[in-house]
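Working through the structure, step by step
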Amino acid sequence: MNLFLAALACLAAGTVLPALLYTRPRTALAVALACAWGGALLGLPPAVAAMLGAPALQVPVGWTTPLGVFTMGLDPLSGFFLVPVLVVTALAALAGHHRLTSDIGSRRAVMAACFFNALTASMALVLVARDAVFFLVGWELMSLTSYFLVTYEDDSAEVQRAGFVYLVAAHVGAAFLLVFFTLLAGRAGSFLFDAFAAAGPSVREPLLLLSLALLGFGTKAGIAPLHVWLPRAHPAAPGHVSAVMSGIMIKMGIYGLLRALSFLGPPSPGWGYVFLALGAVSAIGGVVFALAQQDLKRMLAYSSVENVGIVCLAIGAALLGRAYGNAALAALGFAGALLHVWNHAAFKSLLFLAAGETVHATGERDLNKLGGLMRPMPWTGALFLAGSVAICGLPPFNGFVSEWLMYWGFFAAGPALPGQPAAVCLGAAVALAMVGALAVACFGRAFGVAFLGHPRSRTPLHPHEADAGSRAAMLALGAACAALGAFPAPALRACRAAVEGLTPGLPSALPVLDAAGTTAARVGVFALALVCAAAALFVMRDLLLRGRAVSRGPTWGCGYERPAPRMQYSGSSFVQPLLELFRDVVPRRVSREPVEGLFPGRASLTSHPVDPAEHRLFRPAFTSLPELLARFRWMQRVPVQAQLLYILVGLIALLALGLGGVPWAR
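Residues numbered from 1 in each chain as written. Predicted model: local features only at pLDDT ≥ 70, side-chain atom pairs only at ≥ 80, totals over all residues. Heavy atoms only, no water.

Next up on the list: the overall build of the chain. Within the chain one finds 23 helices and four strands. Over its C-alpha atoms the chain spans a radius of gyration of 26 Å, differing by no more than 12% from the 26 Å that the globule rule assigns to 666 residues. Every one of the 666 residues in the chain was classed for burial, and the buried ones make up 53%. Within the chain, contacts between residues separated by at least 24 positions form 78% of all contacts whose residues are at least 6 apart in sequence. The distance from the centre of the 44 positive side-chain charges to the centre of the 29 negative ones in the chain is 1 Å. (Helix = DSSP H or I, 4+ residues; strand = E, 2+ residues; numbered from the N terminus. Rg over C-alpha atoms; globule rule 2.2 N^0.38 Å. Buried < 20%, exposed > 50% of the residue type's maximum accessible area, 1.4 Å probe, protein only. Contact = heavy atoms within 4.5 Å. Lys, Arg positive; Asp, Glu negative; His and termini not counted. Charge placed at Lys NZ, Arg CZ, Asp CG, Glu CD.)

Right, dumping it as structure tokens:
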């Protein structure tokens, strides 16, 4: 624990020292980067030890508050989430260093480096908090520091709007968490997590508590339909910040849900159905909306909604397993969810870093204006391709392993459930397969349109390759994707202790987990061998052609005599047939100038998807809120004495409720 406290101190120094050195910005940025790496290196040993099952540590911080004493601890679940937090933030800090250095003339570059380290420290605090007050303090710090990072380019109206929506969503979610923890504390008589778990909820409370946890943590995680902040905030933030927010920060919501489930006692089958339904809606809805986006970073943001949905599918299966005493399904579900947290952290951070470098190099996020970037940006293009294969769940990369565990649970362990639950598991497997197929179309389009073919923009973009630091960070994440996919055994061993902690009262199902992991490893190694064989054939071809005259001709152009860049598939036209299948799910504003006549003139097709959660649910609600509040303005116009009377009446009412035994009023 001392090493972890030293890591926190290092991150705190990385927050304060650069601000003090703002008159020497290069030095300040170097200190911030050193502190980010120092914090990661100091924090990893205790995190790994806790993850592998070292005795859980819990210590009071010694800071007495009116509601108790701040307490922190490390157990396998905390350690499992803490490892990607430290690794990904260190790599993202390295990738972002060049971007901030290029903006050295602005003081906001130094402040962004400070807030980045503060965000890392706040996420670590959330993971080690062992009392509700400490947890909420860390949660609030995480929301505020990420808000300042999202609004880095605050001179843009789009960024200001994105920051406002994110801040409102974060605090609405925090309000639900405040009620959630207050209800738990009212029953347990303490704000300590151990007291929550020991007291357990009454028979009537679990559904209310689960709903509050889903609303509070689900807003941060981006579960549909609470995801509306995510497609705005992630594109607005710099690339390395988006990588951390999408790859790591939204997983704090998943961690919160798993931690909350440990307070609520044995689950009922209904909890599993709720998670499966939310997961299916988020996963399918997320990937369909990602398919409809023309903004590269917005597409990745919707893809995060999809992957959070996949994690919820796995948790739903695990809860069904726990409810029916099926240890294999419970273990495979929780292991699939945890491994997908790691996998998504790796490939989504890689994709956002590559997308950030693409946007930084071209100044363009619109897929319809990109194209042909593979030549000027070969490293970025190749690594974007690796991340795309991984996120589609294809071997030999890591996305395949976690989804394989889920399929194994659905098909091998799910049928052992009685009647309807077994059918639900098969339905979840079908949903997961549909998501995988749509993801292939989505990322095939993104890579093909952005990196292959010819530039589509009439304005020269002058792209250039990423700097050495960004390439190193992306290479490390790409290597992690390949290693976790081809050799998943260490990752499976890493999640064992957390899985056993999440399945209390069930017999150990580790042999089933090992069997599924072994099969996944064989498939991964076989696929890796195929990739290596293809690469060897490519090299051999080059060697055989060396010294010979090789003539090059134009690509077949579908009968066009003189193919031009504008004859290529655009991002919109590539997915048009697929989106027609989902036109009732994804309403779009389509603008079309059709091709007419033997010698057609101008023709075009543009489409703008409309998110129903934002336009039909939240926007009307927030639009009508000022009108509703305006009806209470008369209360502001009454004399001060009357306002004091309102407060007194409110306090008396709370006192009466508290004395009457209402837990939240105590």
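Don't stop here, the text continues.
What follows concerns the side chain of threonine 362. On the secondary structure map, threonine 362 appears in helix α14 (residues 327-362). There is a polar contact of 3.2 Å between the side chain of threonine 362 and the backbone nitrogen of glutamate 364. (Polar contact = N/O pair within 3.5 Å; in protein donor to acceptor, adjacent residues only side chain to side chain.)

Time to look at helix α21 (residues 571-581). What α21 keeps buried is the set Gly571, Ser572, Val575, Gln576 and Leu579. Taken around the axis of α21, the buried residues stretch over an arc of 155 degrees, which confines them to a single face. Projecting away from the buried face of α21 at angles above 90 degrees are the exposed residues Pro577 and Leu581. (Arc of directions from axis to C-beta.)

To continue, consider the packing of helix α8 (residues 206-221) against helix α11 (residues 251-261). Contact geometry of α8 with α11 gives a least axis separation of 7 Å together with a crossing angle of 160 degrees. Viewed along their axes, α8 and α11 adopt a mutual orientation that is roughly antiparallel. Crossing handedness for the pair α8 and α11: right-handed. In contact with Leu210, Ala213, Leu214, Phe217, Lys220 and Ala221 of α8, α11 contributes Gly253, Ile254, Gly256, Leu257, Ala260 and Leu261. Tallied by class, residues from the contact of α8 with α11 come to nine nonpolar, two polar and one charged. (Axes fitted to C-alpha atoms, helices over the stretch in contact; angles between N-to-C directions. Parallel < 35°, antiparallel > 145°, perpendicular 65-115°, else oblique. Left-handed = near helix turned anticlockwise from the far one by under 90°. Nonpolar A, V, L, I, M, F, W, Y, C, P; charged D, E, K, R; others polar.)

Together, Val172, Phe622, Leu625, Leu628, Leu629, Phe632, Trp634, Met635 and Tyr646 line one region of the surface with nonpolar side chains, adding up to about 820 Å² of accessible area. Examining the composition of the nonpolar patch, we find that four residues originate from one element, helix α22 (residues 612-630), more than from any other. Residue tryptophan 634 is classed as partly exposed on the basis of its relative accessible area of 46%. (Patch = residues over 30% accessible without salt bridge, like charges linked within 9 Å, V, L, I, M, F, W, Y side chains within 5 Å. Areas by Shrake-Rupley, 256 points an atom, 1.4 Å probe, with all protein chains shown as cover. Salt bridge = Lys/Arg side-chain N within 4 Å of Asp/Glu carboxyl O.)

Counted according to the given criterion, the structure contains eleven salt bridges. Here arginine 365 ties to glutamate 158 by a salt bridge, and the two come within 3.1 Å at their closest N and O atoms. Of this pair, arginine 365 sits in the loop between α14 and α15 (378-391) while glutamate 158 sits in helix α6 (residues 157-188), and the two are 207 residues apart along the sequence. Here the salt bridges share partners, and the residues they tie into one network are Asp75, Arg130 and Arg259.

Once that is clear, we can look at the packing of helix α19 (residues 489-502) against helix α20 (residues 510-545). Closest axis-to-axis distance for the α19/α20 pair is 11 Å, and the angle between their directions is 150 degrees. When the interaxial angle is binned, α19 and α20 end up roughly antiparallel. Along this stretch, α19 crosses α20, giving a crossing that reads as right-handed. Together, Leu492, Arg496 and Glu500 of α19 and Leu510, Leu513, Asp514 and Gly517 of α20 make up the contact between the two elements. For the contact of α19 with α20, a count of residues per class yields three nonpolar, one polar and three charged.

Bringing the packing of aromatic side chains into the picture now. If you walk through the whole model with that rule in mind, you get 25 aromatic pairs. Ring geometry for phenylalanine 70 and phenylalanine 134: centres 4.8 Å apart, planes at 10 degrees, overall stacked. Separated by 64 residues along the polypeptide, phenylalanine 70 in strand β2 (residues 68-74) and phenylalanine 134 in helix α5 (residues 132-150) bring together distant segments of the chain. Over the aromatic face of tyrosine 152 sits the side chain of arginine 108, whose NZ or CZ is 5.0 Å from the ring centroid. (Phe/Tyr/Trp six-rings, centres within 6.5 Å; stacked < 30°, edge-to-face > 60°. Lys NZ or Arg CZ within 6 Å of the ring centre and 35° of its normal.)

We now examine the environment of leucine 119. Here leucine 119 shows up in helix α4 (residues 107-128). Sequence separation between leucine 119 and glutamine 294 is 175 residues; the distance between their C-alpha atoms is 30 Å.

Okay, helix α10 (residues 239-249) next. Of all eleven residues in α10, eleven are buried; the element is thus mostly enclosed. Every buried residue belonging to α10 is among Gly239, His240, Val241, Ser242, Ala243, Val244, Met245, Ser246, Gly247, Ile248 and Met249, and all of these are buried.

Right, let's talk about the state of the cysteines for a bit. The tally for this structure, following the rule as stated, stands at zero disulfides. The thiol of cysteine 425 is unpaired, and the distance to the nearest cysteine sulfur, on cysteine 312, comes to 15 Å. Its sulfur unpaired, cysteine 481 is 12 Å from the next cysteine sulfur, which belongs to cysteine 392. Judged by its relative accessible area of 1%, cysteine 481 is buried. (Disulfide = S-S within 2.5 Å.)

On to the confidence of the model for the chain, then. The share of residues in the chain with pLDDT of 70 or more is 94%, and the mean pLDDT across the chain is 87. Mean pLDDT values over the elements of the chain span from 65, in strand β1 (residues 57-65), up to 95, in α11. (pLDDT = per-residue confidence, 0-100.)

The next point concerns the side chain of asparagine 343. Take asparagine 343: it is sitting in helix α14. A relative accessible area of 3% means that asparagine 343 is categorised as buried. In contact with asparagine 343, other than residues within four places in its own chain, are Asn398, Gly399, Ser402 and Leu484.

Bringing unusual backbone geometry into the picture now. Residues other than glycine predominantly adopt negative phi, and peptide bonds predominantly adopt the trans conformation. With omega at 5 degrees, the peptide bond leading from alanine 224 into proline 225 counts as cis. Tracing the backbone shows proline 225 in the loop between α8 and α9 (230-236). Residue proline 395 is joined to proline 396 through a cis peptide bond whose omega torsion reads 10 degrees. Along the chain, proline 396 turns up in the loop between α15 and α16 (399-413).

Once that is clear, we can look at the environment of alanine 118. In this fold, alanine 118 is placed in helix α4. Each C-alpha atom, one on alanine 118 and one on alanine 12, is 6.7 Å from the other, the two residues being 106 residues apart in sequence.

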